[in-house]
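Listed below are the residues making up each chain.
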Amino acid sequence: RAAIGRSGPRRFEWWMVAPMVGSLIGLAFAVMPLWRAMQGGRAGPRPASAAPVAVSPAADANALNLAERAFALTRAIGFTRDDLATAQDLARRATDLDPGSGRAWGVRAWVEAAFINRAWDRTAKRRENAQSMANRALSLDRDEPEALNALSLVLLAQGAAAEAEKLARRAVATGPGNSRAWLV
């Protein structure tokens, strides 16, 4: 038995399990997107509805690399406006290299939406840019997660919470590890 008023290290108690499990689940949600990116991300065939654009394999690989670098800058905790400006440039270069890449357009839309999400720029112009880029990405790949996330943030900023929720649920359904969709 422990003495009343005992000081010193506490022994393990059953109620300590819940915070530990919660921490492990949070860590899993933080690590899954990084693991997927290291394993090649969402590489796969483009949907049949997407009109392929003639791009060399090297340009396609470079565009995806630029898009993933841009996306990584937005995933860092405490990213800055300078990080977003760099990500914006990388994403623009990715879409210039491969205008038929849904992933590149989705990341570009997500970067634009990050300005809105952080309340650094909530202008109509920023919302329009993010929305048009997300729509372009979704026309190329209807399940592009960053485009769905960006569009849901734009709709939320416009006060269309019900539509934003529908898109966020769709983003989660297409990729359960999509932790950004849980924010909406």
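Notes on the structure in this doc start here.

Definitions and limits used
Residues numbered from 1 in each chain as written. Predicted model: local features only at pLDDT ≥ 70, side-chain atom pairs only at ≥ 80, totals over all residues. Heavy atoms only, no water. Helix = DSSP H or I, 4+ residues; strand = E, 2+ residues; numbered from the N terminus. Expected span 1.5 Å × (residues − 1). Buried < 20%, exposed > 50% of the residue type's maximum accessible area, 1.4 Å probe, protein only. Arc of directions from axis to C-beta. Contact = heavy atoms within 4.5 Å.

Attention now moves to helix H7 (residues 161-174). A rise of 1.5 Å per residue sets the reference length of H7, with its 14 residues, at 20 Å; its end C-alpha atoms lie 20 Å apart and thus fit the reference within 8%. Among the residues of H7, Ala 164, Leu 167, Ala 168, Ala 171 and Val 172 are the ones counted as buried. Buried residues of H7, seen end-on, are gathered within an arc of 140° and therefore sit on one face of the element. Along H7, the residues that are exposed and aim more than 90 degrees away from the buried face are Lys 166, Arg 169 and Ala 173. Elements that come into contact with the buried residues of H7 comprise helix H6 (145-157).

Topologically, Arg 69 is positioned in helix H2 (residues 57-75). A residue is classified by how much of its surface remains accessible, and Arg 69, at 43% relative accessible area, is partly exposed. The spacing of Arg 69 and Thr 86 is 17 residues in sequence and 9.5 Å in space, taken between C-alpha atoms.

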